[in-house]
Amino acid sequence: RLRPTTLRRPTASGGPRSRPNPTGPSASHPDLPPPSSPTVAQPFAPQSLPPHTPPHQPAPPPSAARRATLVNRSSSSGKRASSLPPLPRTPPESSSPAVSLSPTRARAGECDRREGGGEMGSKTKGCCGWLIVALVLALVATAAVVAIMKRKPGGGGGGRSRPPKPLPVPGPPGDIDSKYGDALGVALQFFQVQKAGKLVDNQIPWRGDSALNDGKEAKLDLSKGLYDAGDHMKFTFPMAFTATVLAWSVLEYGDQMTAAKQLDPALDALRWVSDFLIAAHPSENVFYIQVGDPDLDHDCWQRPETMTEKRPLTQINPKNPGSDIAAEAAAAMAAASMVFKSSDTTYSDSLLQHAQKLFTFADTYKGIASDTYPKLQKYYNSTGYVDELLWAASWLYHATGDQTYLSYVTVQNGKDYADWGRPTWFSWDDKLPGTQILLSRVNFFGSKEISNAENSGLKMYRDTAEAVICGLLPDSPSATGSRTSGGLVWISGWNSLQHGINAAFLAVVYSDYMLTSQTAAVECSGKYFSPTDIRNFAISQANYVLGDNPMKLSYLVGYGSSYPQQVHHRGASIPADAKTGCKGFEYLHSSSPNPNVATGAVVGGPFQNDSFVDLRDNAVQTESSTYNSGTFVGLLAGLVTTSSVAKTFT
């Protein structure tokens with residue numbers, strides 16, 4: 001199974017494209033669509049695409065930023081432009097499986113269209129008054145129907161012509177919404193499923209100790225950390241991103257997690273990854289970015305507890321740079337340092353020191369890890385490093401209060417790196433939208449020490465963040481058309497839930513910034529949307545994942561009564577007592593449900609027509625990943641109840 005590559009295209013989304021899957025089914029598999037079906041959809045309202053602002057040119061004014069279309073980052077400093085032309089959007093029918101499915105699946109994505117009518121009676125004399133009344137009633141009925149039809153799936157509603165009044169600031173966490181509280185408890189268990197190393201208080205009966213020798217060739221203990229997805233690789237890039245968003249979730253919603261009795265498992269998962277990141281940074285300018293050989297790993301189908309193949313290490317250093325991964329790790333450790341500051345100051349200080357050194361390393365020796373090691377391009381093909389540098393500096397500013405980090409992201413590098421006015425999709429590869437939301441927090445809640453020049457840069461970040469939000473709201477003039485009929489934001493056939501979940505997480509965070517600061521609305525090309533409207537979009541995406549979709553299927557494994565049974569996951573697919581050696585592929589191709597439940601896994605998700613084929617061979621749809629879980633935990637934590645956010649993390 002190869003990880004999809006993300007390529008930059010001037011008018012296509014920032015989501016990943018699919019690549020061949022070596023352990024997947026053949027192209028002629030009867031239950032799967034043709035290989036071309038996982039495609040990249042077009043971005044927000046391409047017909048209103050603003051002209052490209054070349055690197056080092058003045059950014060568009062705020063009004064243009066709000067009208068901006070959600071497009072890819074340009075080939076600015078540190079970014080590679082793709083030579084491929086934009087891919088056209090695949091119509092829903094081209095994504096449909098080529099075989100007859102069950103009645104439920106056959107109905108997925110269909111509309112129930114009924115036409116009705118009536119005949120005018122033969123009596124016409126003396127009924128002009130009744131005719132007028134009938135016409136008036138018909139107009140009223142038509143208006144009502146139009147209003148109902150305008151309620152789009154996916155969190156539609158809102159869009160006033162005048163700004164609403166500010167909503168009251170919420171108090172402490174209120175009543176727990178059991179739906180999201182239960183889902184949060186389930187989602188957090190996936191981090192336990194994915195743990196490597198010597199397990200402590202193991203709650204997953206089919207898991208055991210594994211990868212205990214990782215790092216020994218360099219005299220390091222790299223046994224901890226998380227397995228990436230359905231394989232046994234430790235890719236530091238997405239693992240660090242998972243830690244960053246998990247830490248962000250705790251910083252914003254730790255009180256709500258506490259109210260839902262789910263804070264401890266979140267802290268446990270975050271510390272497990274943080275321990276790995278510290279161990280992977282043995283000296284100032286050396287950082288280990290990978291444990292295992294993906295080709296060897298993917299040539300086996302076995303439980304992690306019985307692995308015997310070699311697990312070589314890959315490092316970045318001044319001669320072999322990887323600014324993208326080093327900066328992401330710096331962001332993760334800076335964010336985690338704030339999480340643990342009140343409970344373990346020594347550990348917090350250690351994380352912060354590592355974060356600062358890694359940021360300096362990333363900023364001094366610039367380069368993309370997948371250029372340094374081209375083999376990475378088949379798995380996590382980073383498309384640049386400037387977004388990670390901005391992301392890391394933003395987290396370091398929050399963690400330290402050091403104005404030099406704020407100046408770095410605003411005055412020094414904002415125009416060159418931030419691509420102001422051009423919103424993109426938040427993902428393991430693209431951190432710009434997350435940076436825009438995070439720096440909006442500074443603009444919302446302010447600081448007396450911020451200069452006018454820095455405030456000007458912060459305003460540009462916030463304007464771009466609002467362009468992101470405007471693109472997500474279904475009733476916004478700049479709303480993306482890349483949605484399924486069931487309301488899911490759909491950008492890529494591979495791991496299709498990723499972008500909707502990530503966007504919803506950013507939306508709920510931004511809506512809470514607005515509530516806490518009593519900001520009444522965001523303006524989207526003359527229409528105004530309240531924090532409630534933005535939160536409703538986030539709710540729509542969460543509900544889709546939890547089963548409010550045409551398949552009536554929960555894409556969170558272990559939640560609800562109907563969820564995928566054949567998750568593409570080695571450990572879950574093989575009985576705990578099976579002796580498979582490396583070649584246990586009979587379990588990959590088995591038609592039986594997994595003997596072990598990968599509780600908390602968020603699978604890849606549906607095709608653009610809302611259909612889903614639950615086959616283990618179908619890694620495009622049934623494979624899960626830790627980075628999906630990181631943002632989904634944050635989304636659920638934000639929805640579990642309502643409270644104001646802290647105006648500062650420290």
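Residues numbered from 1 in each chain as written. Predicted model: local features only at pLDDT ≥ 70, side-chain atom pairs only at ≥ 80, totals over all residues. Heavy atoms only, no water.

Asks: Help me understand the UniProt feature "active site" (unreviewed entry) in the protein chain, please; the structure alone is not making it clear to me.
Replies: Those places that UniProt annotates as "active site" (unreviewed entry) correspond, in this numbering, to His568. For histidine 568, the location among the structural elements is in the loop between helix 17 (531-545) and helix 18 (570-573). Accessibility expressed as a relative area gives 0% for histidine 568, which makes it buried. (UniProt positions renumbered as here; feature names shortened; annotations may be inferred. Helix = DSSP H or I, 4+ residues; strand = E, 2+ residues; numbered from the N terminus. Buried < 20%, exposed > 50% of the residue type's maximum accessible area, 1.4 Å probe, protein only.)

Asks: Any chance you could explain empty space enclosed by the protein here in plain terms?
Replies: One simple way to see leftover space: roll a probe sized like a water molecule over the atoms. Tallied over the full model, the rule gives six cavities of 30 Å³ or more. As a volume, the second largest cavity reaches approximately 80 Å³. Lining of the second largest cavity is provided by 13 residues; of these, Phe237, Ile325, Ala369, Leu376 and Tyr380 occupy positions nearest its centre. Of all the elements in the fold, those that place two or more residues in the lining of the second largest cavity are helix 5 (236-259), strand 2 (287-291), helix 8 (323-339) and helix 10 (369-372). Ranked by the residues each element gives to the lining of the second largest cavity, the list is headed by helix 5, at three residues. Considered class by class, the residues forming the lining of the second largest cavity number eight nonpolar, four polar and one charged. (1 Å grid on protein atoms, 1.4 Å probe; cavity = no way out; pocket = protein on both sides within 12 Å on 5 of 7 lines; lining within 4 Å. Points joined across faces, edges and corners; volume = space filled by probe spheres on them. Nonpolar A, V, L, I, M, F, W, Y, C, P; charged D, E, K, R; others polar.)

Asks: Quick question: what am I supposed to make of the layout of surface pockets here?
Replies: Roughly 260 Å³ of volume is contained in the second largest pocket. Lining the second largest pocket are 16 residues; nearest its centre among them are Tyr397, His398, Gly446, Lys647 and Thr648. A total of four residues in the lining of the second largest pocket trace back to one element, the largest contributor, which is helix 11 (residues 386-400).

Asks: Just checking my understanding: could you explain the side chain of lysine 195 for this structure?
Replies: If you trace the backbone, lysine 195 turns up in the loop between helix 4 (178-193) and strand 1 (234-235). We classify lysine 195 as buried; its relative accessible area is 3%. Residues within four places of lysine 195 in sequence aside, it is in contact with Arg207, Ser210, Gly225, Leu226, Tyr227, Asp268 and Trp272. (Contact = heavy atoms within 4.5 Å.)

Asks: When you look at the nonpolar core in this model, what are you seeing that I'm missing?
Replies: Among soluble globular proteins, nonpolar side chains are generally buried collectively. Counting residues in hydrophobic clusters, the biggest one holds 163 residues, and the most contacted among them are Trp248, Trp395 and Phe632. Dropping the residues within four chain positions of it, phenylalanine 632 is found in contact with Ala187, Ile501, Ala542, Val545, Leu546, Leu556 and Val602. (Core = buried A, V, L, I, M, F, W, Y, C linked by side-chain atoms within 4.5 Å.)

Asks: How should I be thinking about the pattern of salt bridges in this particular structure?
Replies: A side chain of one charge can pair with a side chain of the opposite charge if their charged atoms are brought near each other. Taken as a whole, this structure holds 20 salt bridges when the rule is applied. Residue aspartate 268 is joined to lysine 195 by a salt bridge in which the shortest nitrogen-to-oxygen separation is 2.7 Å. Note that aspartate 268 is positioned in helix 6 (residues 263-279) and lysine 195 in the loop between helix 4 and strand 1, a separation of 73 residues in sequence. For the salt bridge of arginine 207 with glutamate 305, the shortest nitrogen-to-oxygen distance reads 2.6 Å. Placement of arginine 207 in the loop between helix 4 and strand 1 and of glutamate 305 in the loop between helix 7 (294-298) and strand 3 (313-316) is noted, with a sequence separation of 98 residues between them. A single network of salt bridges, built from pairs that share partners, joins Asp293, Asp295, Lys375 and Lys378. (Salt bridge = Lys/Arg side-chain N within 4 Å of Asp/Glu carboxyl O.)

Asks: I tried to follow the sheet that holds strand 3 on my own but got confused; where do I start?
Replies: What holds strands together in a sheet is hydrogen bonding between their backbones, with the strands either parallel or antiparallel. Strands sit in the order 1-2-3 across an open sheet of three strands; the sheet is antiparallel. Each edge of the sheet is formed by a strand with only one pairing partner; in this case those strands are strand 1 and strand 3. Inspection of the sheet shows strand 1 paired to strand 2 by two bridges, in the antiparallel sense. Considered in strand 2, the bridge of lysine 234 is made with valine 291. (Pairing = 2+ DSSP bridges.)

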